[in-house]
Amino acid sequence: MPGGLAPPGTISSMRALSGSALAVAVASGLVEALHPIAPTLSLGVLYTLAVLFAAIFFGIGYGIATAIASMLAFNFFFLRPVHTLTLADGRNWTALLVYLATAVIASHLATQARRRAALAEQREREAAFLADVAAELLQTGNVENIDERAERVLEHADAITRARVESAIGALHEMNR
């Protein structure tokens, strides 16, 4: 993501960092609370939730950082020998790879969903604009201030949408001559 780790216009870096750290802390607390009644290695899946949270809400950079922090926290606090950062066991590396894959996939899906939502909102604005223009044409036979109104609708439009609407406006101007 250009210009930062979080999706543009979403959240400050400090909040994203705090939220990611809190997610790892919550996952660690859950593992600690549940490890007397469940196998420790199985509880590592709780860190996946922290990674998903960070990747979806803060972007791929924070998702990857949370994946690494999750693997380190799980290794340091719960995997033998505890209170070391030994990664000698292949399962530890597997956990890191799973967390990283989760971060990348979740971030990609969230980014795609945000893009689709933005596109749907733009299409909705275009449709409302075109409906207003059509209604005004049917009622009055002319469309005043169409260029100004179109500019407001096209403010965040992509190049293709802008060209399509501008072409339609040009055709309207031709019809009104």
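Starting from 1, residues in each chain are numbered consecutively following that chain's sequence as written. Totals for whole chains, interfaces and linings use every residue, but because this is a predicted model, local features are given only for residues with pLDDT of at least 70 and side-chain atom pairs only at 80 or more, for both listing and counting. Remark: hydrogens and water are excluded; side-chain values derive from all non-hydrogen atoms of the structure.

> In this structure, what is going on with the environment of Ser-20? I would like to understand it.
Within the secondary structure layout, Ser-20 lies in helix 1 (residues 13-34). Residue class for Ser-20 comes out buried when judged on its relative accessible area of 5%. Each C-alpha atom of the pair Ser-20 and Leu-52 lies 10.0 Å from the other, and the pair is 32 residues apart in sequence. Two residues qualify as a contact provided that any one of their heavy atoms is within 4.5 Å of a heavy atom in the partner residue. Excluding anything up to four places from it in sequence, Ser-20 contacts Ala-54, Phe-58, Tyr-62 and Thr-66. Labels follow the DSSP assignment, with helices taken as runs of H or I lasting at least four residues and strands as runs of E lasting at least two, numbered in each case from the N terminus. For every residue, the accessible area obtained with a 1.4 Å probe (protein chains only) is divided by the maximum for its type, and the residue is called buried under 20%, exposed over 50%, and partly exposed between those limits.

> Which parts of the structure should I look at to understand the nonpolar core?
The tendency in soluble globular proteins is for nonpolar side chains to be buried as a group. One finds Val-31, Tyr-47, Val-51, Phe-74, Phe-78 and Tyr-99 to be the most contacted residues of the largest nonpolar core, which totals 21 residues. Once residues within four sequence positions are removed from consideration, Tyr-47 is found in contact with Val-24, Ala-27, Ser-28, Val-31, Ser-70, Ala-73, Phe-74, Phe-78 and Tyr-99. The next biggest cluster of nonpolar side chains, apart from the first, holds ten residues, and it includes Ala-150, Val-153, Leu-154 and Ile-169. By nonpolar core we mean a set of buried residues, namely Ala, Val, Leu, Ile, Met, Phe, Trp, Tyr and Cys, connected to one another through side-chain atoms within 4.5 Å.

> What's the story with the packing of helix 1 against helix 4 (residues 60-78) in this structure? I'm lost.
Each pair of packed helices can be described by the angle between their axes along with the distance between the axes. Simply put, an axis is a line fit to the C-alpha atoms, just over the touching stretch for a helix, and the angle between two N-to-C directions goes from 0 to 180 degrees. With their axes 10 Å apart at the nearest point, helix 1 and helix 4 run at an angle of 30° to one another. In terms of axis orientation, helix 1 runs roughly parallel to helix 4. For the crossing formed where helix 1 meets helix 4, the hand is right-handed. Residues Ser-13, Ala-16, Leu-17, Ser-20, Val-24, Ser-28, Val-31 and Glu-32 of helix 1 form the contact with helix 4, whose participating residues are Tyr-62, Thr-66, Ala-69, Ser-70, Ala-73, Phe-74 and Phe-78. Charged means Asp, Glu, Lys or Arg here, nonpolar means Ala, Val, Leu, Ile, Met, Phe, Trp, Tyr, Cys or Pro, and polar covers whatever is left, Gly included. The residue inventory of the contact of helix 1 with helix 4, partitioned by class, reads nine nonpolar, five polar and one charged. Note that the term roughly parallel is reserved for angles under 35 degrees, roughly antiparallel for angles over 145, roughly perpendicular for angles of 65 to 115, and oblique for everything else. It is the rotation of the near helix from the far one that decides the hand of a crossing: anticlockwise by less than a right angle makes it left-handed, clockwise makes it right-handed.

> Just to check I follow, could you spell out unusual backbone geometry for this structure?
As a rule of thumb, non-glycine residues mostly have phi less than zero, and peptide bonds are mostly trans rather than cis. Phi angles above zero are rare outside glycine, and His-83 is one such case at about 60°. By the secondary structure assignment, His-83 is in the loop between helix 4 and helix 5 (90-140). Relative accessible area serves as the criterion here: at 51%, His-83 is assigned to the exposed category.

> Hey, could you run me through the environment of Thr-102 in this one?
Here Thr-102 is to be found in helix 5. Given a relative accessible area of 17%, Thr-102 falls into the buried group. The spacing of Thr-102 and Leu-52 is 50 residues in sequence and 6.6 Å in space, taken between C-alpha atoms. Leave out the neighbours within four places in its chain, and Thr-102 touches Thr-48, Val-51 and Leu-52.

> I would appreciate a short explanation of a nonpolar patch on the surface in the present structure.
Taken together, Leu-22, Val-26, Leu-30, Leu-34 and Ile-37 make up a surface patch of nonpolar side chains, about 470 Å² in accessible area. Considering the arrangement of structural elements, one finds Leu-34 in helix 1. Leu-34 sits in the partly exposed class, given a relative accessible area of 30%. Every patch collects residues that have over 30% relative accessible area and no salt bridge, joining them within 9 Å if they carry like charges and within 5 Å if they are nonpolar side chains (Val, Leu, Ile, Met, Phe, Trp, Tyr). Surface exposure here means Shrake-Rupley accessible area, sampled with a 1.4 Å probe, where a residue is shielded only by the protein chains that are shown. Only one rule defines a salt bridge in this text: a Lys or Arg side-chain nitrogen within 4 Å of an Asp or Glu carboxyl oxygen.

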